[in-house]
Every structure is written in structure tokens, then in C-alpha cells.
Amino acid sequence: MLALVEGLPDDSRTAAAMAGGNQFRGWDLHARILADLVDSVQAVMVAAGNWKKHPPKVKPYPRPASRKKKATTIADIKARFG
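Fair warning: this is a prediction, and the values are worked out from it, not measured in the lab.

K.L.:
Sorry if this is basic, but what is going on with the overall build of the chain here?
P.N.:
If you tally the helices and strands in the chain, you get four helices and zero strands. Helices and strands in the chain line up, N terminus first, as α-α-α-α. In summary, the chain has a C-alpha radius of gyration of 18 Å against a globular reference of 12 Å for 82 residues, an excess of more than 25%. Projected onto its principal axes, the C-alpha coordinates of the chain cover approximately 65 × 20 × 20 Å.

K.L.:
Which parts of the structure should I look at to understand the environment of Leu-8?
P.N.:
Examined against the element boundaries, Leu-8 turns out to sit in the loop between helix H1 (2-6) and helix H2 (13-19). C-alpha separation for the pair Leu-8 and Phe-81, spaced 73 residues apart in sequence, amounts to 18 Å.

K.L.:
I tried to follow a nonpolar patch on the surface on my own but got confused; where do I start?
P.N.:
Judged by side-chain polarity, Leu-34, Leu-37 and Val-41 come together as a nonpolar surface patch covering roughly 290 Å² of accessible area. Among the secondary structure elements, Leu-37 is positioned in helix H3 (residues 29-48). Judged by relative accessible area, which is 48%, Leu-37 ranks as partly exposed.

K.L.:
Help me understand the side chain of Ser-12 in this model?
P.N.:
Mapped onto the secondary structure, Ser-12 falls in the loop between H1 and H2. There is a polar contact of 3.0 Å between the side chain of Ser-12 and the backbone oxygen of Pro-9.

K.L.:
Looking at this model, I keep getting lost on the pattern of salt bridges. Mind explaining?
P.N.:
Where charged atoms of side chains with opposite charge meet at close range, the side chains can pair. By the definition in use, this model includes two salt bridges. Residue Asp-36 pairs with Arg-63 through a salt bridge whose shortest N-O separation is 2.8 Å. Placement of Asp-36 in helix H3 and of Arg-63 in the loop between H3 and helix H4 (74-81) is noted, with a sequence separation of 27 residues between them. A residue is classified by how much of its surface remains accessible, and Asp-36, at 42% relative accessible area, is partly exposed. Look at Arg-63 and you get partly exposed, because its relative accessible area is 35%. A salt bridge links Asp-39 to Arg-63; its shortest N-O distance comes to 2.8 Å. On the criterion of sequence distance, the pair formed by Asp-39 in helix H3 and Arg-63 in the loop between H3 and H4 is long-range, its members being 24 residues apart.

K.L.:
Looking at this model, I keep getting lost on the side chain of Asp-28. Mind explaining?
P.N.:
Relative to the assigned elements, Asp-28 resides in the loop between H2 and H3. Within the buried core, Asp-28 has no salt-bridge partner, and the shortest N-O distance to an opposite charge, that of Arg-32, equals 6.7 Å. At 3.1 Å, the side chain of Asp-28 forms a polar contact with the backbone nitrogen of Ala-31. Apart from residues no more than four positions distant in its own chain, Asp-28 is found in contact with Asp-10 and Asp-11.

Rules of the game
- Residues numbered from 1 in each chain as written.
- Predicted model: local features only at pLDDT ≥ 70, side-chain atom pairs only at ≥ 80, totals over all residues.
- Heavy atoms only, no water.
- Helix = DSSP H or I, 4+ residues; strand = E, 2+ residues; numbered from the N terminus.
- Rg over C-alpha atoms; globule rule 2.2 N^0.38 Å.
- Patch = residues over 30% accessible without salt bridge, like charges linked within 9 Å, V, L, I, M, F, W, Y side chains within 5 Å.
- Areas by Shrake-Rupley, 256 points an atom, 1.4 Å probe, with all protein chains shown as cover.
- Salt bridge = Lys/Arg side-chain N within 4 Å of Asp/Glu carboxyl O.
- Buried < 20%, exposed > 50% of the residue type's maximum accessible area, 1.4 Å probe, protein only.
- Polar contact = N/O pair within 3.5 Å; in protein donor to acceptor, adjacent residues only side chain to side chain.
- Lys, Arg positive; Asp, Glu negative; His and termini not counted.
- Contact = heavy atoms within 4.5 Å.

Structure follows, in C-alpha cells:
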């Protein structure tokens, strides 16, 4: 059973539950990289811009917030289900 859980894709319901909740569904490696890329492009825009006063304030791309402080590990699952 544990081998099956480890083989699930990053955006599966089980992986989302282990990460902290349903808000993590669809947040696989590609989605996280794209969100980081958007933030990086915005930072370069602010740094390289020719602003007369202050550069515009940009908000980071929204990411799901975790309800837990620590993600569930395989060891936690083994300890819970024996």
C-alpha cells in the first residue's frame, strides 16, 4: 500500500491532503515553478524599470496557504497506520 501512495502524482488528492489540505490540489512541481517565474519577472521589472518616483508595488503570485506547519511524511503515515 505504501508503494502505491509513494507513486501517486504530486497533484493527486492524497498528496494534497499530505501537504495540508484540498487547496494544494493541482499544485504540482510545474505550477510551483511557474509561480516562482512570475514572481521573478515582476522583481526584474521593478529592478530594471526607469521609475520617476517609486517603483510600483507588486504582489507575489498567490499560492495555497498551509494549515499545518509541517508536511506529512511517509514515516508519519507508517506511524499512524502501523
